[in-house]
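# Results of the structural survey
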Amino acid sequence: MRRCAVAGVRRPCQPPPVSVTRTRAHRNYSVHVQQKKAASAQPQVPIVNEPFFATSTAPKAPSPRPDPHALVAPQLKELRETLLNLLGSSHPSLTEIAKYYFLHPSKQLRPLLVLLFSQATNGLGSGWYLKKWAAECEGAGGRAEELDRPLTRADVLNDWNPSMPDHTASFQTSFTLRPPRPPHEPPLPPPFPPALHVPTVEAPLALLPTQVRLAQIVEMIHVASLLHDDVIDKSPLRRGAASAPMAFGNKLSVLAGDFLLGRTSAALSRLGESEVVELIASVIANLVEGEILQLKAMHGEELGLSGLSPTVGQENWNIYLQKTYLKTASLMAKGARAAVVLGGCKEGEVWKEVAYAYGRNLGIAFQLVDDILDYEAGDATLGKPGGADLQLGLATGPALFAWEEHPELGPLIQRKFEQPGDVELARDLVRRSSGVERTRDLARAHADKAREVLAVLPDSDAKAALEVLTERVVKRTS
């Protein structure tokens, strides 16, 4: 690839478009084109003043809908393999536990959302052309190999990863003053495009290296939260195998979770987008806040914090749904929004609002179904202990609904199912109520809303896959 500076002269970079990951070819999808089709099909309808929302087309024969995982299967496979390179440490035991959960099968829902929303919106944001240029031009910071390069000298970072080239400073002598590195001269971006930007999904569907790295980052944050959760909850199983605390102990599990968050922070800084850093950093804070809300519900009196209200009502539902957002949906919502920002969506453009609304609703639906499965599925199906929520003293959606029908469930919830027979009685009361069905209806309502907000996007295989996900989340059995 031709460099962008020759003989000390900086000029715009015009490399061949080879660095953007693409999937199979299909037609361009343009909001502008769809508006024309809709207008010609129904000439009596006045043109809508908000063009982003006028995306309907003339009726056509239904085509097979894409499988979400199959659409990005090669990228998910490569993402998982290359992710392990980010986890190397100078301490072999830390490396082993940091990689432990990644070596077991998982749904990969969070990276899947990042990849699909990237494909569904790349080309729509007014800054897409700059993001695409940065992914193709050497020195612009958006190529895959550039995302592994530290921004600071390696002897200052002293973050030794055997999977990546590095030079750390020796501790055998005192540290001497080093001359500063010459400043990096980035290549000049190409000239600005015409003032009129027509939002059009990139075809064939494209992924930027920064978006693939973001997908790895959100999965690393998720796994770090699992390591910490399994310590707090004393969980014996995770993903069908012994949990990390059971295999390595609590101390190493906590340290491995902290180590993962450290590596994700470094990777995040190299994406070159401040808004994305803010979004993902706030996710980590949300995970902690959600865990505190859960601790209040479980051990409020011990911690001197107010827990659940003694009567069934909206206050307890608000706490439950807020905790659900903080611990589960926040990462999905902000991860999807960050992916769209990396694709060049600017403030005032609707695409990142779509991503956040979809991820928030889908994430809450996902967790509501997870809470249902805690009553319906066994250890082998879940890959973790069934009935764990009641054992921990947690009243989730099915129990809160059942409380409305069986007031005798209230005292059990208040004492956190601590007395002998409480867990069994609570499960029986939930099963004799409509709690599970009503929780599934609530999950379906959130999933339907997630699907509804997708109407703003132009048609594409990625959009269709996101629609399929809203159905699968509610129907899943594991």
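The rules behind each value
- Residues numbered from 1 in each chain as written.
- Predicted model: local features only at pLDDT ≥ 70, side-chain atom pairs only at ≥ 80, totals over all residues.
- Heavy atoms only, no water.
- Helix = DSSP H or I, 4+ residues; strand = E, 2+ residues; numbered from the N terminus.
- Buried < 20%, exposed > 50% of the residue type's maximum accessible area, 1.4 Å probe, protein only.
- Salt bridge = Lys/Arg side-chain N within 4 Å of Asp/Glu carboxyl O.
- Axes fitted to C-alpha atoms, helices over the stretch in contact; angles between N-to-C directions.
- Parallel < 35°, antiparallel > 145°, perpendicular 65-115°, else oblique.
- Contact = heavy atoms within 4.5 Å.
- Nonpolar A, V, L, I, M, F, W, Y, C, P; charged D, E, K, R; others polar.
- Expected span 1.5 Å × (residues − 1).
- Left-handed = near helix turned anticlockwise from the far one by under 90°.
- Phe/Tyr/Trp six-rings, centres within 6.5 Å; stacked < 30°, edge-to-face > 60°.
- Core = buried A, V, L, I, M, F, W, Y, C linked by side-chain atoms within 4.5 Å.
- pLDDT = per-residue confidence, 0-100.

## Section: unusual backbone geometry
Residue P204 is reached from A203 by a cis peptide bond, and omega for that bond is -5°. Position of P204 relative to the elements: it lies in the loop between β5 (200-201) and β6 (206-207). In this structure, K234 is a non-glycine residue whose phi angle is positive, near 55°. With respect to the helices, strands and loops of the structure, K234 is situated in the loop between α8 (209-233) and β7 (237-238). Even without a glycine there, the phi angle at K416 is positive, about 60°. Turning to its location among the elements, K416 is positioned in the loop between α17 (409-414) and α18 (422-431).

## Overview of the environment of Q75
Structurally, the position occupied by Q75 is in helix α3 (residues 73-83). The class for Q75 is buried, based on a relative accessible area of 9%. In the structure, Q75 is positioned 37 residues away from L112 in sequence and 9.4 Å away in space, judged by C-alpha atoms.

## Regarding the pattern of salt bridges
Across all of its chains, the model carries 24 salt bridges by this definition. Put simply, E347 and K352 hold a salt bridge, and the shortest N to O gap is 2.9 Å. Judged by relative accessible area, K352 falls into the buried class, the value being 0%. Among the charged side chains, a network of salt bridges with common partners joins R65, R451 and E471.

## A look at the packing of helix α4 (residues 92-100) against helix α10 (residues 250-269)
Two numbers describe how α4 lies on α10: the axes approach to 9 Å, and their chain directions differ by 80°. Here α10 runs roughly perpendicular to α4, going by the angle between their axes. On the side of α4, the interface is formed by L94, I97 and A98, while α10 contributes L252, S253, L255, A256, F259 and L260. Residue composition of the contact of α4 with α10, grouped by class: 8 nonpolar, 1 polar and no charged.

## A few points about helix α5 (residues 109-121)
Here α5 spans 18 Å end to end across 13 residues, near enough to the 18 Å set by a 1.5 Å rise per residue. Of all 13 residues in α5, 13 are buried, a share of seventy percent or more. Just downstream of α5 lies G123, where phi reads positive at about 105°.

## What to know about the packing of α5 against helix α20 (residues 461-475)
Running from amino to carboxyl end, α5 crosses α20 at an angle of 145°, the nearest separation of the two axes being 8 Å. Crossing angle aside, the handedness with which α5 passes α20 is left-handed. Between α5 and α20, the contacting residues are L109, L112, L113, L116, F117, Q119 and A120 on the first element and A462, K463, A465, L466 and L469 on the second. Residue classes in the contact of α5 with α20 are distributed as 10 nonpolar, 1 polar and 1 charged.

## Details of the packing of aromatic side chains
Under the counting rule described, the total for this entry stands at 5 aromatic pairs. Taking 5.1 Å as the distance between ring centres and 85° as the angle between the ring planes, the aromatic pair formed by Y100 and F248 counts as edge-to-face. Pair noted here: Y100 is in helix α4 and F248 is in helix α9 (residues 244-248), with a separation of 148 residues, a long-range link. Given the relative accessible area of 15%, Y100 is considered buried. Here F248 falls in the partly exposed class, since its relative accessible area comes to 23%. Look at W317 and Y320: their rings are 5.6 Å apart centre to centre, the planes differ by 70°, and that puts the pair in the edge-to-face class. Here Y320 and W317 lie together in helix α12 (residues 314-342), a separation of 3 residues that amounts to about one turn. Take W317 and Y320: they sit in the same class, and that class is buried.

## Comments concerning the environment of L124
Inspection of the secondary structure assignment puts L124 in the loop between α5 and α6 (128-136). L124 sits 225 residues away from E349 along the chain, and the two C-alpha atoms are 9.1 Å apart. Residue contacts for L124: discarding those within four places in its chain leaves H197, P199, T200, V201, W351, L457 and P458.

## Section: the side chain of D229
Residue position: D229 is located in helix α8. Other than its neighbours up to four places away in sequence, D229 contacts K234, E291 and K327.

## Comments concerning the environment of L260
With respect to the secondary-structure elements, L260 resides in helix α10. Between the alpha carbons of L260 and I221 there is a distance of 7.0 Å; along the sequence they are 39 residues apart.

## Here we look at α8
Across its 25 residues, α8 extends 36 Å between first and last C-alpha, which sits within 8% of the 36 Å expected from 1.5 Å per residue. Most of α8 sits inside the fold, with 22 of its 25 residues counted as buried. K234 occupies a position one or two residues after α8 and carries a positive phi of about 55°.

## Remarks on the nonpolar core
If you look at the biggest cluster of nonpolar residues, it comprises 112 residues, and the most contacted ones within it are F117, L214 and Y358. Per-element tally for this core: the top contributor is α12, with 15 residues.

## Things to note about the confidence of the model for the protein chain
Across the protein chain, the average pLDDT comes to 84, with 80% of residues at 70 or higher. Here strand β1 (residues 5-6) stands out as the element of the protein chain with the lowest mean pLDDT, 36, in contrast to α5, whose mean of 98 is the highest. Confidence drops under pLDDT 50 across residues 1-11; counting only partners more than four residues distant or on other chains, this segment forms 24 contacts. Of the regions scoring below 50 in pLDDT, residues 15-19 engages in 13 contacts with residues more than four places distant in sequence or in other chains.

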